[in-house]
Amino acid sequence: ILKLRSLTECRNFFRDLCTPSELDEFAYRWRVAFLLTKKIPYRQIAEKTGVSTTTVGRVARCLKHGHNGYNLILSRQKEENGKL
């Protein structure tokens, strides 16, 4: 993945690697992570994204006790955009 050089290369790689359902799941989880940083309640996040509250809980657990992957990208995105 570190060999990818552009957004287009990333899109093409992940479209080859993942099924459409897997890509959707990644997108939902990313949206959930973002909404959790806004302190939105789990049930509201589930309603907005269509994922289960269990999925929201899993993402929240990763944000708090995971390997810092979500937090790393969220903080870099915040640095680039000046806000989340």
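Residues numbered from 1 in each chain as written. Predicted model: local features only at pLDDT ≥ 70, side-chain atom pairs only at ≥ 80, totals over all residues. Heavy atoms only, no water.

### Considerations on the overall build of the protein chain
Consideration 1: Helix and strand counts for the protein chain come out as five helices and zero strands.
Consideration 2: Along the protein chain, helices and strands appear, N-terminal first, in the series α-α-α-α-α.
Consideration 3: By its C-alpha atoms, the protein chain is 35 × 30 × 20 Å across when sized along the principal axes.
Consideration 4: Relative to its full complement of 84 residues, the protein chain shows a buried share of 23%.
Consideration 5: Residue pairs at least 24 apart in sequence account for 34% of intrachain contacts in the protein chain once pairs closer than 6 positions are excluded.
Consideration 6: Working note: accessible area of the protein chain is about 6700 Å², and carbon and sulfur atoms make up 52% of it.
Consideration 7: Measuring between centres, the 16 positive side-chain charges of the protein chain sit 8 Å from its 8 negative side-chain charges. (Helix = DSSP H or I, 4+ residues; strand = E, 2+ residues; numbered from the N terminus. Buried < 20%, exposed > 50% of the residue type's maximum accessible area, 1.4 Å probe, protein only. Contact = heavy atoms within 4.5 Å. Areas by Shrake-Rupley, 256 points an atom, 1.4 Å probe, with all protein chains shown as cover. Lys, Arg positive; Asp, Glu negative; His and termini not counted. Charge placed at Lys NZ, Arg CZ, Asp CG, Glu CD.)

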